[in-house]
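# Close look at the chain arrangement
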Amino acid sequence: MATPHDVPHDVDALRDENIRLREQLEEAEAVLAAIRGGEIDAFVIAERHDDRVYTLETADRPYRLMVEHMQEGAALVNDDSTVCYANARLADLLRLPLGSLIGGRFDAHVGDRQAEFRELLAGDGSARLELALTAADGTPVPVMLAARELPTDEKSVCLIVTDLSDQQARRELEREVDRRQRVEHTLREADRRKNEFLAMLGHELRNPLAAISGAVRLLEHAGALEPKAAWARDVIARQSQHLARMVADLLDVGRVTSGKLELSAQPLDLDEIVRRTVAGLQNAGQLAEHRIELVFGPPLRVLGDATRLEQVVGNLVANALRYTPAGGRIRLALSRQGEMAALQVIDTGIGIPADLLPHVFDLFVQGPAGPDRTEAGLGIGLTLVQQIVQLHGGTVDVASDGHGRGATFTVYLPLTSEPLPGGGGGSRSRVPSRRVLLVEDHADSRDMLRLLLEARGHKVAVAQDGPSAVEAIAASPPDLALVDLGLPGFDGYEVARRTRALPDGNQITLVALTGYGQPEHQQQAAAAGFDGHLTKPVDVNELDGLLAKIKRRRKV
Amino acid sequence: MGRAIDDSYDVTEGAPAYQLHLFVTGASPRSLAAVAGVKALCEELLPGRYDLVVTDVYQEPELARRQHLVVTPTFVKHAPPPVRSLVGDVTNRGRLIAALGLSPEP
């Protein structure tokens, strides 16, 4: 029987229930609509003990793509390392088709590292195994393996394979760089020690050389020696001078290499330098067996260190002398080429073979023995030439047509328009310019001595024998006459006597050029009326000193 | 051995007698189980006499298209003839033996 309380409850309850049902229905319809409309990612399904999430494909896609496209190889393997899933990258690494890799066994690629591989699979995932997998074609693939068991129902281990071959290459490169750096360091050390040794050697050698030079000078002034002894003394003098030059070159090379060579650059005329150098060589008797030609154009001014440039010219000529047989020709030609001065040293000697040509300027490189080999060198001269020329901002080239065809060395130096230092130039006349008569019958000696005097700023006339000398003196009296004692016609003594007999004969300064090591001649010369004497080969400084001395004496 | 990864399997001299193909979808549990199960069975029943190619239809979809697949997993025996296939639970021992054309076990 319905109570009065039930009736309204019935209707209300029905209504409430209706509302509740409608709400539930709407919820259910919404869920169905969402499912149908592809708006959901996953179902949450109540299993016996917990809720499981079942995802639809679209939600999974990013993770799947990530694994399929990552840089590492990835695989899921089971207990016996059967590959149940793998990505394309791993198939690439192992050079297998993907279809063969999946379903195959991973440990087939592990080689003799089976035990460590098993350990890795069984581990907690923190370990890494570096090894070389064997690809299908047998090539080793250096990789790093990481393995971690997945929390799935079935036993499944996720294997990540990182390709190390790039790293391998980089490591090898680093090792190579390291090795080369060590080699470079060793070489630099060796080079430095070599330079130190050369410098020390040069310094040490100077003392003995100085002692020998001193002793030789004593011998020169000790009076006449019998011919054999005199010859021996001359040999010692010449050779010790040669040694001294080699030592000086050695020290210079060391200085240039360690950057300690000092240059004092001045504007100077290149033809000046060449003349002086050639004259110096002539005085030392080194040009006696060759024909020297000088070809000059207008003066060429460069910025340079006079001493060092003389060294350059000297070394080039010495080199030409060494490799040109007696009677051969050495030409020194100066010309202007664009903005550069060009000095060419051309010889008619044995030439330079093509395989030696690129190395002539290298330190200690020498050619084969010269034809008249009296003096060996150290292979330093040309190196110094190149170094000094380069320090001057220039270059030096060499050309040769090969065996027997001579060689041409060309030095290029930048021209300068700077004027010569005031007061007539640093290298010119430290003594006032004089009118000089040079009496010498030996053609080459005469030419070279004339060059030397002209380089000093003197005006030089020449005579080749006694009679023409006296005629010249009478016709146009010079300030100074340099007279070789051994002359055709009548000798130098006679020239002096006849000169003094002239009306103004005593105004003229007369200097005898006596032979090497013949002190007895000096007394005779004084008796004949000479004011002084110079021993051949003539030293420029001695000449200046002598002239100054004579001047003082004559003022009295 | 010239074995092409497509459905024209060549049975040249020296190629294994059984040419088998399994289609799966990535690393789903069913797929992993299918690979492991089929492989294990083949090793047991046909050691050294089979070639098994596994195609992940996510990574190599064009191979699936050629095969006219409807569902995965699907297992196909291409050789020796006749061609037989198995879908769904491919790890079922009895069904797989039948698909391989081997005599049922007692």
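Residues numbered from 1 in each chain as written. Chains lettered and ligands numbered in written order. Predicted model: local features only at pLDDT ≥ 70, side-chain atom pairs only at ≥ 80, totals over all residues. Heavy atoms only, no water.

Attention now moves to the overall build of chain A. Across its full length, chain A holds 15 helices and 19 strands. Residue burial in chain A is summarised as follows: out of 556 residues, 38% are buried. Counting contacts in chain A only where the partners sit at least 6 residues apart, residues at least 24 apart contribute 60% of the total. Accessible area for chain A stands at about 30,900 Å²; split by element, carbon and sulfur atoms hold 54% of it. (Helix = DSSP H or I, 4+ residues; strand = E, 2+ residues; numbered from the N terminus. Buried < 20%, exposed > 50% of the residue type's maximum accessible area, 1.4 Å probe, protein only. Contact = heavy atoms within 4.5 Å. Areas by Shrake-Rupley, 256 points an atom, 1.4 Å probe, with all protein chains shown as cover.)

This part covers the nonpolar core. With 50 residues, the main nonpolar core has F106 and L145 of chain A together with L22 and F75 of chain B as its most contacted residues. Element by element, the count of residues in this core is highest for helix α1 (residues 29-45) of chain B, at 6 residues. Ignoring any residue separated from it by four or fewer positions in sequence, one finds F75 of chain B in contact with L20, H21, L22, V38, R84, S85, L86, V90, L96, A99 and L100 of chain B. L268, L300, I388 and L451 of chain A belong to the second-largest nonpolar core, a separate cluster that totals 47 residues. (Core = buried A, V, L, I, M, F, W, Y, C linked by side-chain atoms within 4.5 Å.)

All names here are of chain B. Mean pLDDT over chain B: 82, with 87% of residues reaching 70 or higher. For chain B, the element scoring lowest by mean pLDDT is helix α2 (residues 61-67), at 78; strand β2 (residues 50-56) scores highest, at 95. The complex model carries a pTM of 0.43, and its ipTM stands at 0.79. (pLDDT = per-residue confidence, 0-100.)

So, about the sheet that holds strand β7 (residues 157-163) of chain A. Residue and element names in this part refer to chain A. An order of β4-β3-β7-β6-β5 is seen for the 5 strands of this open sheet, with the pairing classed as antiparallel. Each of the sheet's edge strands pairs with one partner strand only, and the pair in question is β4 (83-86) and β5 (129-134). Across the sheet, the mean angle separating the axes of adjacent strands is 35° when strand polarity is ignored. The pairing of strand β3 (residues 73-77) with β4 spans 3 bridges and is classified as antiparallel. Looking across to β4, one finds that V77 is bridged to V83. (Pairing = 2+ DSSP bridges. Axes fitted to C-alpha atoms, helices over the stretch in contact; angles between N-to-C directions.)

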